[in-house]
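# A structural walkthrough
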Amino acid sequence: MYDGKQLKSITLNTIRELKQKGEKIACLTAYDATFAHLLDQAGTEIILVGDSLGMVVQGHKTTVPVKIEDMIYHSKIVSSSLNYSFLISDMPFMSFYNPDIAMENAKKLMQDGGAQMIKLEGNQSQINIIEKLAMSDIPICAHIGLRPQSVNKMGGYKVQGKEESDALKLIKEAKKIEASGADILLLECVSSSTAKIVSSEIEIPIIGIGAGPDVDGQILVLYDILGITPGKLPKFSKNFMTGQNTIQEAVMEYINAVKTKSYPAPEHTFK
Ligand code: KIV
């Protein structure tokens, strides 16, 4: 394990440089100070305070009940532990339903929560929101593909971009989102062949979760890689505690697997 304190902090430019060099970007979620410190010291490039906290911390069945106050609280305690990692915080359900509300809540996440970038689950109808935030120099990660906040509308957690028409829609959406000023794209549960096309068609870094190997970085939910999430792991995830003695070793193993491209393996991807 190396000491994150001795390294230069990660910025959006570093992330772009990693993409240009073809070095995979290792990302994980964190929700509290102790884990944030551990991930930072292990050299995790991006830490996401995800609204997955609604499920793994608060015990809800979906991310829908998470409030902006929850995101500010967890972002603040995570940001206070970081010296190296770049911090992205999620905009929760209904916190960006129009440009003015989005601006107000993004401002809170950055000013009060210490986020360096906000993430929002978007589709084409959020283009005007992304444009407005981008015009105010708010760094944006746009999350497309499977959007857990829309689970009730999407009718469950389904792999996206499998059928040709879905794939074309997703590719078009990605291009529009890039053109509207997003800085990073996050693809969740997307057919790996579609993710590969998106990757070849847009310039901004792409972080995948269940989107196959042909994206610029990988993100997983911390508790999944530590094997402490109750129930069955999603197909795309992996328990990195197996064969390790400590949490630090498991996190290092995950980062190493992302960097050496041994994760995700074919069994973690969707065709
Ligand atoms: O909320 C979250 O943790 C996320 C990741 C699963 C990407 O959005």
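Below you will find a few notes about this structure. Nothing here was measured: the structure is a model prediction, and the numbers come from that model.

All right, on to the pairing of strand β8 (residues 217-220) then. The alternating pattern of β8 places Gly217 and Ile219 on one face and Gln218 and Leu220 on the opposite face, and all of these are buried. Examined bridge by bridge, strand β1 (residues 25-29) and β8 share 4 bridges and lie parallel to one another. Pairing of Ile25 across the sheet is with Gly217, part of β8. In the sheet, strand β7 (residues 206-209) pairs with β8 via 2 bridges, with the strands oriented parallel. Within β8, the position partnered with Ile207 by the bridge is Gly217.

The next thing to look at is the nonpolar core. If you look at the biggest cluster of nonpolar residues, it comprises 86 residues, and the most contacted ones within it are Leu185 and Leu187. In terms of residues, this core owes the most to one element, helix α11 (residues 247-259), which gives 6 residues.

Moving on, we come to the environment of Pro234. Looking at the element boundaries, Pro234 is found in the loop between α10 (222-225) and α11. Sequence separation between Pro234 and Asp100 is 134 residues; the distance between their C-alpha atoms is 36 Å.

On to the site of the ligand. Around the ligand, the neighbouring residues are Thr29, Leu48, Gly50, Asp51, Ser52, Asp90, Lys119, His143, Leu186 and Ile209. A distance of 3.2 Å separates an oxygen atom of the ligand from a polar atom in the side chain of Asp90. Between Lys119 and the ligand, the recorded distance is 2.8 Å, taken from a side-chain N or O atom to an oxygen atom. Calculation on the ligand without its partners gives an accessible area of 260 Å², and the protein chains cover 94% of this total.

Another aspect to go through is the pattern of salt bridges. The final tally for this structure, using the stated rule, is 9 salt bridges. One salt bridge in this structure joins Asp216 and Lys19, with 3.0 Å as the shortest N-O distance. Remark: Lys19 occurs in helix α1 (residues 12-21) and Asp216 occurs in the loop between β7 and β8; sequence separation between them is 197 residues. On the basis of relative accessibility, which here comes to 11%, the residue Asp216 falls in the buried class. Connected through salt bridges with shared partners, the residues Lys21, Glu23, Glu45 and Lys259 form a single ionic network.

Now for the sheet that holds strand β2 (residues 46-49). If you walk around this closed barrel you meet the 8 strands as β1-β2-β3-β4-β5-β6-β7-β8, and the pairing is parallel. Strand after strand, the sheet turns through a mean of 25° between neighbouring axes, direction not considered. Inspection of the sheet shows strand β3 (residues 86-90) paired to strand β4 (residues 117-121) by 3 bridges, in the parallel sense. Following the sheet pairing, Ser89 is matched in β4 by Ile118.

We now examine empty space enclosed by the protein. What the rule picks out here adds up to 1 cavity of 30 Å³ or more. What the largest cavity holds in volume is close to 50 Å³. Lining the largest cavity we find Cys27, Ile46, Leu48, Ile88, Lys119, Cys141, Ile184, Leu186, Ile207 and Ile219. For the lining of the largest cavity, the elements supplying multiple residues, two or more each, are β2 and β6 (184-188). By residue class, the composition of the lining of the largest cavity is 9 nonpolar, no polar and 1 charged.

An ideal rise of 1.5 Å per residue puts 16 Å on 12 residues; helix α4 (residues 68-79) measures up with 16 Å between its terminal C-alpha atoms. On its buried side, α4 packs onto α2 (33-42), β2, α3 (53-56), β3 and α5 (99-111).

On to unusual backbone geometry, then. The omega angle of the peptide bond from Tyr263 to Pro264 is 0°, so this bond is cis rather than trans. Here Pro264 is to be found in the segment after α11. For Cys189, which is not glycine, the phi torsion reads 45° and is therefore positive. Residue position: Cys189 is located in the loop between β6 and α9 (192-201). Phi is positive for Lys261, which is not a glycine, with a value near 65°. With respect to the element layout, Lys261 can be found in the segment after α11. Residue classification places Lys261 among the exposed residues on the basis of a relative accessible area of 52%.

Here α2 crosses α11 at 50°, and the two axes come no closer than 10 Å. Taken together, the axis directions place α2 and α11 in an arrangement best described as oblique. Pair α2 / α11 crosses with right-handed handedness. Between α2 and α11, the contacting residues are Phe35, Leu38, Leu39 and Ala42 on the first element and Ile247, Gln248, Val251, Met252 and Ile255 on the second. Tallied by class, residues from the contact of α2 with α11 come to 8 nonpolar, 1 polar and no charged.

Rules used throughout
- Residues numbered from 1 in each chain as written.
- Predicted model: local features only at pLDDT ≥ 70, side-chain atom pairs only at ≥ 80, totals over all residues.
- Heavy atoms only, no water.
- Buried < 20%, exposed > 50% of the residue type's maximum accessible area, 1.4 Å probe, protein only.
- Helix = DSSP H or I, 4+ residues; strand = E, 2+ residues; numbered from the N terminus.
- Pairing = 2+ DSSP bridges.
- Core = buried A, V, L, I, M, F, W, Y, C linked by side-chain atoms within 4.5 Å.
- Near = heavy atom within 4 Å.
- Polar contact = N/O pair within 3.5 Å; in protein donor to acceptor, adjacent residues only side chain to side chain.
- Areas by Shrake-Rupley, 256 points an atom, 1.4 Å probe, with all protein chains shown as cover.
- Salt bridge = Lys/Arg side-chain N within 4 Å of Asp/Glu carboxyl O.
- Axes fitted to C-alpha atoms, helices over the stretch in contact; angles between N-to-C directions.
- 1 Å grid on protein atoms, 1.4 Å probe; cavity = no way out; pocket = protein on both sides within 12 Å on 5 of 7 lines; lining within 4 Å.
- Points joined across faces, edges and corners; volume = space filled by probe spheres on them.
- Nonpolar A, V, L, I, M, F, W, Y, C, P; charged D, E, K, R; others polar.
- Expected span 1.5 Å × (residues − 1).
- Contact = heavy atoms within 4.5 Å.
- Parallel < 35°, antiparallel > 145°, perpendicular 65-115°, else oblique.
- Left-handed = near helix turned anticlockwise from the far one by under 90°.

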